[in-house]
Amino acid sequence: MPPVRRSLVRVLPLLLSALLAGCGAPAPRDGAERDIREAVAAWSRTPPERLAGIPLEGWAYEVSAVRRDGAGATARAELHYRLSGYDAAAAGSAREVRLTRDGGRWYVTGDRAAPGALPQLWDQGPVAVVRGAHALVLGVGQDAGTLSAIAAEADRAVPAASAAWPGPRAGRAVVLVPGSLERMAELLGRPAAEYRGMGAVTTGRVGAAPAPADRVVVNPQGWAELSPAGRGVILTHEVTHVATRAATTATTPLWLSEGFADWAAYRGTPATPEQAAPALARAVRRGEVPGELPRTEDFAFGGDPEALARAYEGAWLACRLIAGRWGEAALVDLYGRAGRGPWPLAVRGALGVDPDALTKDWQEALRAEFR
């Protein structure tokens, strides 16, 4: 081997190692960046005084990046916290912390949701706190009477959900009550039009382990339009979604998830199918018996409200049929199986019939109910 070739063979690995080491190692932090990170850490050791009424624990800001701008700086951070006694896992929030340098020291001057991240309720104003026996209600821009009434309704909803879904997740609920429909949409990161007319929705991911921190978010405008009975049904429906969250996965049919939540909500009430399923009753009497159980797209908002109502009502009556014919334990078993594997296997395992037979039984039950 020529001498030059041997030299290249020896030198190239050394150059490559140096380049790789340079790419993989984090850039060294200068003294200013360390001071900024320390200032954020010191500021965030305890929650702000204005949040003193909220039962927070594990409050911490984890800084991921720092950007300086003259005498100012911005730190990108992830906020972690739990609501003590309510959250099974930490909630997270991407935040942007503003700092100013004064007298040789850095001071935090502001904190907000990072660009593209969802705000926290307290970003919208002072938070009022009402504790119930089973629920924690946090509100902004709401009077004490409204929040107390919602807490009382939640205290009835949680035991109702627990009775329908025996498990560890149904014992407590956190309810957020923003000041308006628009503020609700901000918390959820969706257009306000999607929630118009709705009383409440639930946040959270499906199939998470450990279970995430779910919230029931009330639409104050839709809530005000509901009857007392309607408020109870809506809140129990949403609390049931919280309770079943960990058992709900991408394989769970949406009709089963929504129908089960409605079944739990109506379970302890005197509501009859005629009263609670008027849109479906009208369709069946016109000879329009659904050809299949409700599809995922049937639950989309923004379309025909009658069709949406029929989807929810049909899903409820399917779950009501299963609980009545095979037993409530079989319905709960079906829900659990549907989240763990293919739908045909779940139906056969829980009910002993195939999906087509279940659909036919449901169609016959609709004809018999609304003849």
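Refer to the preceding data block for the structure.
Once that is clear, we can look at the overall build of the chain. Counting secondary structure elements, the chain contains 13 helices and nine strands. Here the chain holds 371 residues, and 45% of them are scored as buried. Expressed as a percentage of contacts within the chain between residues at least 6 apart in sequence, the contacts between residues at least 24 apart total 60%. Per element, the accessible surface of the chain, about 18,400 Å² overall, is 54% carbon and sulfur.

Once that is clear, we can look at the sheet that holds strand S5 (residues 128-131). The strand order S5-S6-S7-S9-S8 describes an open sheet built from five strands, whose pairing is mixed. Either end of the sheet is taken by a strand with one partner, and the two such strands are S5 and strand S8 (200-202). Ignoring which end each strand starts from, the neighbouring axes of this sheet average 20° apart. The pairing of S8 with strand S9 (residues 216-218) spans three bridges and is antiparallel. Its bridge partner being in S9, Val201 is matched across the sheet by Val217. Contacting S5, strand S6 (135-139), strand S7 (173-177) and S9, helix H3 (residues 144-164) runs over the sheet at an angle of about 150° to S6. Across the sheet, helix H4 (residues 181-188) is in contact with S8 and S9; its angle to S9 comes to roughly 155°.

Between its terminal C-alpha atoms helix H6 (residues 228-244) stretches 25 Å, which fits the 24 Å expected from 17 residues at 1.5 Å a residue. Within H6, 13 of the 17 residues are buried, which leaves it mostly tucked inside the rest of the structure.

All right, on to the environment of Ala365 then. Note that Ala365 resides in helix H13 (residues 355-369). Along the backbone, Ala365 and Leu321 are 44 residues apart, and their C-alpha atoms lie at a distance of 7.6 Å.

What follows deals with helix H7 (residues 254-266). Counted at 1.5 Å a residue, the expected span for H7 with its 13 residues is 18 Å, and the 18 Å between its end C-alpha atoms agrees. Among the 13 residues of H7, 12 are classified as buried, and the element is accordingly described as predominantly covered. Listed in full, the buried residues belonging to H7 are Trp255, Leu256, Ser257, Glu258, Gly259, Phe260, Ala261, Asp262, Trp263, Ala264, Ala265 and Tyr266. Its buried side turned inward, H7 meets H3, H6, helix H8 (273-276), helix H10 (305-325), helix H11 (328-338) and helix H12 (343-351).

What follows concerns the sheet that holds strand S3 (residues 91-102). Strands pair in a sheet through their backbones, by hydrogen bonds, and they do so in one of two ways: parallel or antiparallel. Read across the sheet, four strands follow the order S1-S2-S3-S4 without closing on themselves; strand pairing throughout is antiparallel. Every other strand in the sheet has two partners, leaving strand S1 (56-69) and strand S4 (105-113) as the edge strands with one partner each. Across this sheet, the average inter-strand angle for adjacent strands is 30°, counted without regard to direction. Two elements, S1 and strand S2 (residues 72-83), share 11 bridges in a ladder whose sense is antiparallel. Across the sheet, Ala60 pairs through a bridge with His80, a residue of S2. Against the sheet, helix H2 (residues 31-43) touches S1, S2, S3 and S4, its axis set at about 155° to S1.

Right, let's get into the packing of aromatic side chains. By the definition in use, this model includes 12 aromatic pairs. Both rings, one in Trp59 and one in Trp122, keep their centres 5.9 Å apart while their planes meet at 45°; by these two values the pair is tilted. Taken as a pair, Trp59 in strand S1 and Trp122 in the loop between S4 and S5 lie far apart in primary sequence, 63 residues in all. No difference in accessibility class separates Trp59 from Trp122, as the two residues are buried. Here the aromatic residues Trp43, Trp59, Tyr61, Tyr81 and Trp122 are joined through ring pairs into a cluster of three or more. When the ring centre of Tyr86 is taken as reference, the NZ or CZ atom of Arg172 above it lies at 4.9 Å. Over the face of the ring belonging to Trp326 we find Arg325, whose NZ or CZ atom lies 5.8 Å from the ring centre.

Calculation criteria
- Residues numbered from 1 in each chain as written.
- Predicted model: local features only at pLDDT ≥ 70, side-chain atom pairs only at ≥ 80, totals over all residues.
- Heavy atoms only, no water.
- Helix = DSSP H or I, 4+ residues; strand = E, 2+ residues; numbered from the N terminus.
- Buried < 20%, exposed > 50% of the residue type's maximum accessible area, 1.4 Å probe, protein only.
- Contact = heavy atoms within 4.5 Å.
- Areas by Shrake-Rupley, 256 points an atom, 1.4 Å probe, with all protein chains shown as cover.
- Pairing = 2+ DSSP bridges.
- Axes fitted to C-alpha atoms, helices over the stretch in contact; angles between N-to-C directions.
- Expected span 1.5 Å × (residues − 1).
- Phe/Tyr/Trp six-rings, centres within 6.5 Å; stacked < 30°, edge-to-face > 60°.
- Lys NZ or Arg CZ within 6 Å of the ring centre and 35° of its normal.

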